[in-house]
Amino acid sequence: MTKKDKHVFVLMGVSGCGKSAVAKQVAYNLEAAFLDGDFLHPKTNILKMRSGTPLNDEDRMPWLNLISNAAFAMSNVNDVSIIICSALKRKYRDIIRGENENIHFIYLKGSYDVIAERLAKRKGHYQKSGMLQSQFDTLEEPTADEKDVYNINIEQPLKEVVRDTEQVIRTICHCKKI
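Residues numbered from 1 in each chain as written. Predicted model: local features only at pLDDT ≥ 70, side-chain atom pairs only at ≥ 80, totals over all residues. Heavy atoms only, no water.

### Focus on unusual backbone geometry
Look at Ala87: it is not a glycine, yet its phi comes out positive at around 45°. Looking at the secondary structure, you find Ala87 in the loop between strand E3 (80–84) and helix H4 (90–97). A positive phi angle, close to 55°, is found at Asn102, a residue other than glycine. Tracing the sequence through the fold places Asn102 in the loop between H4 and strand E4 (103–109). (Helix = DSSP H or I, 4+ residues; strand = E, 2+ residues; numbered from the N terminus.)

### What about the packing of helix H3 (residues 57–77) against H4?
Viewed as axis vectors pointing N to C, H3 and H4 meet at an angle of 30°, and their least axial separation amounts to 8 Å. As summarised for this structure, H3 and H4 are arranged roughly parallel, according to the angle between their axes. As H3 packs across H4, the resulting crossing turns out to be right-handed. Two secondary-structure elements touch here, H3 through Asp57, Arg60, Met61, Leu64, Asn65, Ile67 and Ser68 and H4 through Lys91, Tyr92, Ile95 and Ile96. When the residues that make up the contact of H3 with H4 are grouped by side-chain class, the tally is six nonpolar, two polar and three charged. (Axes fitted to C-alpha atoms, helices over the stretch in contact; angles between N-to-C directions. Parallel < 35°, antiparallel > 145°, perpendicular 65-115°, else oblique. Left-handed = near helix turned anticlockwise from the far one by under 90°. Contact = heavy atoms within 4.5 Å. Nonpolar A, V, L, I, M, F, W, Y, C, P; charged D, E, K, R; others polar.)

Here is the structure:
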C-alpha cells in the first residue's frame, strides 16, 4: 500500500459518547492500529481533570500536537489506524489534520441527556459527569465544509454504533474486508 492508501480515523465527541468502547471494538474487528489519545495527556492535564476542572485551550495545545504527530507516525506504518480524541473544536481538528494526509474524523453524536445518563454509570474515569456541560459548551459540531468528518448516531445499541463506524471505514478504504 502507498501512503495514499493508509488512513487514520479519529473517533471524536464529548466524554461519555462511547469513543473508547467503539474504537476498541472496531480496531479489534478490523485489525487496525489503536491509540487512546487520553494516554498522551500531560500529567498536569490529568490532574486538572481529576480535580473536576475543565481544560482550556492552552492546556489542550501540547496534547493536540502530540495527537497530530501520532497520527502522522501511525499513517506511515499502518493501513488503518484509529485514534480516540475528543476534537471538540474546529481549530482542534485543524491542528490534528496538520500535515496529515488521509485523516478522517468520525463524530459520535448524541444528546446531552443520553450521554449524561451514560456518564453517571461510569466508574474510574477522570472525566466527571459534572464536566459534561463544559464539554457541550466547548463543542463546535462539524459543519458541512469539513468533508473529512462522518457522523454516527450513538443513540442506538453499541453493536449498531460499531457496525455503522466500520461501514464508514470500509467505504473510505474501498474494501469489504480490511
